[in-house]
Every structure is written in structure tokens, then in C-alpha cells.
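# Examination of the molecular architecture
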Amino acid sequence: MGQSPSAALDRENSLSDRFSFLSSSGFISSEEFLDEIAANRDYTAEIPDECLAYVFQFLGPGDRNWCSLVCKRWLLVDGWSRNRLSLNAQSEIEASLPSLFTRFDSVTKLALRCSRKSISLTDDALVTISIRCQNLTRLKLRGCREITEEGMSKFAENSKNLRKLSCGSCMFGAKALNAVLDYCKNLEELSVKRLRGIHDGAEPIGPGAAASSLKMICLKELVNGQSFEPLVIGSKNLKALKIIHCLGDWDRVLQLIGNRTRNGKENLNFNNDYNGNSNCDSLIEIHLERLQVSDIGLSAISKCTKIENLHIVKTPECSNYGLVCVAEQCKLLRKLHIDGWRTNRIGDEGLVAVAKHCPNLQELVLIGVNATRLSLEAIASNCSKLERLALCGSGTIGDAEIACIAAKCMALKKLCIKGCPISDNAIEALGCGCPSLIKIKVRKCRGVSSEAGEWLREQRGSVVINMDSCEIDDGFKASTSDGGVNEIGVEFPQMVSQVTGADASTSSNGRLALLRSKLGLFAGRNLVACTFRRWSNADDSFNSNL
């Protein structure tokens, strides 16, 4: 599809002939003719289509849309070279789908989103897309409430190359997901959020033909998430399991996972075939958030000895005992995120066990965990590879603890401290400690003055320092389920001023906004989500949805 050399040669010959005729006739001087060529020449005409498509890959969707309006050639190149497409999936675009996917005939990643106030695409539209997009490997559905189980079944039958499916706020249920798992034998990632069809009494969801290919399962905000139990247990090569804010008791599911791992090892040992790459012990990431899970569940997953990434977020029934079980068995642990929800059930005992048994720890996030110098010194001394540390909302982490970290964490690169009772003395310790630091963030620490921040910037000129001084601690809400860093962007006084400056005619909205501002502790204030996701973009991630 590129420009042929002969075409470029003919263009040069025609220009030289025209120049010879005009200059010999005396109509135009050589300088004027060259200026005319420079003004009217299309410098992109000689660029092959493949090179132009390669340039388009570095542009965002908006810039690509503008480029497609330059000329017909750019329109065509943008069409056949665009692999990712996101559509507002309202019913009004159904008539345009054939022409739309005639232009974008190479789409492999498709996102369909519809707002709550609009009517979404129907089954017929989804089947049309599956016929037109034969190369589709990733699909994201958000708010497509008109799509039924029959439509998803037909889509799955036509989209056997699908590798990643993410669906949220849709109406279909177990029958549709079972069809996807039966037809899409190469499916690697499945993310399910707020499916209305997954309710009490729903049929079980099994792995189907995707039992060997499925590597990541994410279940979020489901009423009956236990219906996925056969899927979780039957996925032989599952590497990442994320269960977030799903109702019901999850200890049983985690016990079945642990028992599967133990039984698999026993069987393989009996046959003298066991090695470190067994399918029975493939899990390396587990994320548990806002669940009814206890130490029984934690001790069960400790049998998955290859776990490297563990999130225990707002699970009030988990205690030091469960964390000790995990630390003793999962010695390859590299990332540990704990949100203790200020229940004081996880503290020094569990963290000391982590320090003793997990020397490869690289990232540690503690939110609402009252750790003291005893555990932090053990971690600083034994976890020599620790590079990222976040300490948030702890009343026991003070100057002595920060001084210990500054003196012993030689490999630490990024440090975040929020809502801890530290003073300028802690900042002074950071001024000469942690020689590998490249970024420091200090927020919501009342005892730290702005002068200390300026002094630290002078001392560590090459370090990125993000500090505020003497701000009001309004409480903390931390969530690691958003896949990024959520920080407090608006302070309490600013929120009040915004409400008072609103139009008086909207009194109900004003009262609601004022109520939200007063209850920001519970409803709208994210302190640290997954504090270092943005800092460590190069790390492995299994939440690569569309």
C-alpha cells in the first residue's frame, strides 16, 4: 500500500519538465518557481502507507481522529491501521455499525460503553460486530443492559479468538459466561463486575474449554460470587485471582484452592513428576478486598507457595495468625499490601514474620496498620531489596520509626508517609539516609513544617519531593481495586467553600454537597489506593483490561 518508486520518479520528471518550459519561455524565474514548489509540495506524499501507519501508532485517539480528516489517503490509512476502538454504545449507532467496521476492519480491541440514562446496543448489534471483527481479541462491555444471554452466546460462537473479556453493569448472567468459556478456548483474562444476572440460585460457572488458557480472574461487587467457584478451582494455569467486595463467605473457596494445590503436589510427588512449574501451584497474585474472609482463608492460600503479590485490604477478620502462615510458606513474596482498617488485628507479629521469611520483598504498603519500630526495624534489616514503602494512617509510626528506616533501608527508592505522627526530626533523618531515594511523598502529617520540606529539598536536590504542611487529617479511605494511585485532591475547607459559593436556587443539591463534604471520610476521600502502581509501571500486571 506504499508509494511506488516509479510514481515518485514520474513526479520529479514532470516537475523538471515544467520548470524547463517556464524558465525558457521567460514566464517565471528559477527562484519564484522553487518557492512555488516549496509552498505547494506535500512532503508526506512520498512516505509509504506502512510508515504513516507506524507514526499514527504514537498518537492518541483524538489526534488520530484529526489526522483522518487531512485527506482521503490518511483516512484510509487510519482505518486499516487502527487496532483499538472505543464506542459510545447507544442504540442510535446500530445503523452505522456496518459502515463503521468496514472502515475499521483491523480492530482487535473493542470497548462498548453506555451511560445509565441511554438505551444500549442490542443482541443484533453485538452479533453484527462479532461477524465484522473476525480478529477481535479483547472486549470490554460497560452498561450494555440490552444485551442478553442469547446475544452473548452468539457473540462467543463467532469470536473464538477472544483472549480478554471485561464486563460490568450488564444484565446477562451465568449462561452467557458459560458460553464464552465454552467457545473461547484461548480466553486468558476474565473480569466481571456488577453483573445483574449473577444472583442467588444462579447456575455454577465452570472453566469449560478455557480451563487451560485462563490466567487471570477478577470478580468485583457480585451478589453471588460463589457461583464462580468451579471456574476458580478448575482453571489449571490460573496466575492471578482478584476478589473485591463480593458478598458471602470466601473461606471455603480459598480452602478448595489450597487443597487443590496440596493434592496436586502429593499426586505429582507420588509419580516422581513434580517440579516447580506444576499447574497445581501456578498462582502468583491474590487480591482480597472487602470480603468475609478470615485466617482460615489466609492459611489455606499459604499452600500456594509461589505467591509473589498479595493484597489483604479491609478484611477485618484477618489477623496476625493468617499473615504469619502466609509469610512462613510464601517465601517468594515481592509485593505486600495490607489495609488493616485500623482494627489492630494485624501488627508487629505478622510483619516480623514477613521480615524473617520473605527476604525478596520489594514493595510494602501498610494502611491503618499500627506497626512499631520492632517490626519496621526487622523489615529494614532483613528485606535488603525493599524499594517501595508506604506508611499511611498509623498512629504508632513516629520519628524513631522513620529514623530507623532512613538508617537501614539502603535500597529504598520511593517512600510515602501519610497521616502519621512524625515531626521535622523525621524529615531531618531522611535528609541524610536512604541513599537510593528518588521520590519522597509526605502528606497529612501535622508535625511537619513547610520549613522542613524546603530544607529537605535543599539537601536532596536530585530527589522528587512532594510535601504539604500542617494539613487537617480528615481520616482515610484506601482502596487498591482501582488499579492506580488515588490521592486526596480537595481538602475539607475547599469543599465547604465550593458549597457555599453555589447557586442558592439549587438548595437540595447544596445540602447534598455539604453532607458529602462532611462525610468525606466515608464517601469520597481516597488516600492511597495502590500507592506505587504509578511509580512502578514496569512491574508485571495482570489487570491489563482494555
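Worth saying up front: this structure is predicted, and the values here are computed from it rather than measured. (Residues numbered from 1 in each chain as written. Predicted model: local features only at pLDDT ≥ 70, side-chain atom pairs only at ≥ 80, totals over all residues. Heavy atoms only, no water.)

### Regarding unusual backbone geometry
Quick reminder of the rule: What counts as a helix is a DSSP run of H or I of at least four residues, what counts as a strand is a run of E of at least two, and both are numbered from the N terminus. The cut-offs for exposure are 20% and 50% of the maximum accessible area for each residue type, with area from a 1.4 Å probe on protein chains only; residues under the lower value are buried, those over the upper are exposed, and the others partly exposed.
Even without being a glycine, R290 presents a positive backbone phi close to 55°. In this fold, R290 is placed in the loop between β8 (285–289) and α12 (295–301). For R290, a relative accessible area of 29% corresponds to the partly exposed category. The phi dihedral of K314 falls on the positive side, at around 55°, and the residue is not glycine. With respect to the helices, strands and loops of the structure, K314 is situated in the loop between β9 (309–313) and α13 (320–329).

### Quick word on the side chain of S423
Which entries qualify depends on this criterion: Two N or O atoms form a polar contact when they lie within 3.5 Å of each other; inside protein one atom must be a possible hydrogen donor and the other a possible acceptor, and for residues adjacent in sequence the pair counts only when both atoms belong to side chains. The contact rule is simple, with two residues in contact once any of their heavy atoms fall within 4.5 Å.
Inspection of the secondary structure puts S423 in the loop between β13 (414–418) and α17 (424–432). Of note is the side chain of S423, whose polar atom sits 2.4 Å from the side chain of D399. If we skip the residues at most four places from it in the chain, S423 touches D399, G447 and V448.

### A closer look at the packing of α17 against helix α18 (residues 450–459)
This is how it is decided: For helices, the fitted axis covers only the stretch in contact; all axes are lines through C-alpha atoms, and the angles between them, taken along N-to-C directions, range from 0 to 180 degrees. Should an angle lie under 35 degrees it is considered roughly parallel, over 145 roughly antiparallel, and from 65 to 115 roughly perpendicular; all remaining angles are considered oblique. Each residue receives one of three labels: charged for Asp, Glu, Lys and Arg, nonpolar for Ala, Val, Leu, Ile, Met, Phe, Trp, Tyr, Cys and Pro, and polar for the others, Gly being one of them.
Where α17 meets α18, the closest approach of the two axes is 9 Å, and the angle between their N-to-C directions is 5°. Relative to α18, α17 is oriented roughly parallel. For the pair α17 and α18, the contacting residues are D424, I427, E428, L430 and G431 in the first and A452, W455, L456 and Q459 in the second. In terms of residue class, the contact of α17 with α18 is made up of 5 nonpolar, 2 polar and 2 charged.

### Focus on the packing of helix α7 (residues 123–132) against helix α8 (residues 149–158)
At a closest axis distance of 9 Å, the pairing of α7 and α8 adopts a crossing angle of 5°. Judged on the interaxial angle alone, α8 and α7 are roughly parallel. Here D123, L126, V127, S130 and I131 of α7 come into contact with α8, specifically with G151, M152, K154, F155 and N158. Each residue belonging to the contact of α7 with α8 can be placed in one class, and the counts come to 5 nonpolar, 3 polar and 2 charged.

### Points about the nonpolar core
How we decide: By nonpolar core we mean a set of buried residues, namely Ala, Val, Leu, Ile, Met, Phe, Trp, Tyr and Cys, connected to one another through side-chain atoms within 4.5 Å.
L110, L112, L141, F172, L177 and L187 are the most contacted members of the largest nonpolar core, which totals 121 residues. Per-element tally for this core: the top contributor is helix α9 (residues 174–183), with 5 residues. Those residues within four positions of L187 in sequence are excluded, and the remaining contacts are L162, R163, K164, L165, V180, L181, A210, S213 and L214.

### Considering the pattern of salt bridges
Spelled out, the test is: Think of a salt bridge as a Lys or Arg side-chain nitrogen and an Asp or Glu carboxyl oxygen that are within 4 Å of each other.
For the structure on display, the rule yields 16 salt bridges. Among the salt bridges present, the one from E308 reaches R334, with a minimum N-O distance of 3.0 Å. Of this pair, E308 sits in the loop between α12 and β9 while R334 sits in the loop between α13 and β10 (335–339), placing them 26 residues apart in sequence. Through salt bridges with shared partners, a single network forms among R64, D78, R82 and R103.

### What to know about α7
Of all the positions in α7, only D123, A125, L126, V127, I129 and S130 are classed as buried. Those residues of α7 hidden inside the fold are in contact with α6 (97–103), β2 (109–113) and α8.

### Quick look at the pairing of strand β4 (residues 164–168)
Here is the rule we go by: Pairing between strands is defined by DSSP: at least two bridges between the two strands are required. Every crossover in which the path from the first strand over the helix to the second runs clockwise, viewed with the strands pointing away from the viewer, is termed right-handed.
Burial within β4 is extensive, with 5 of its 5 residues counted as buried. The two faces of β4 match: K164, S166 and G168 on one face and L165 and C167 on the other face are all buried. Here 5 bridges tie strand β3 (residues 138–142) to β4, and the two strands are oriented parallel to one another. For R142, the partnering residue across the bridge sits in β4 and is G168. Assessed by its sense of winding, the connection that carries the chain from β3 through α8 to β4 is right-handed. Pairing geometry for β4 and strand β5 (residues 189–193), over 5 bridges, is parallel. Note on β5: the bridge partner recorded for L165 is L190.

### Focus on the state of the cysteines
We count it as follows: We call a pair of cysteine sulfur atoms a disulfide when they lie within 2.5 Å.
In the structure shown here, the tally under the stated rule is 0 disulfides. Of the cysteine sulfurs around C330, a residue in no disulfide, the closest is that of C304, at 7.1 Å. On the basis of relative accessibility, which here comes to 0%, the residue C330 falls in the buried class.

### Notes on the environment of G201
Structurally, G201 can be placed in the loop between β5 and β6 (216–220). A residue is classified by how much of its surface remains accessible, and G201, at 75% relative accessible area, is exposed. Taking the C-alpha atoms as reference, G201 lies 8.5 Å from S227; in sequence the two are 26 residues apart.

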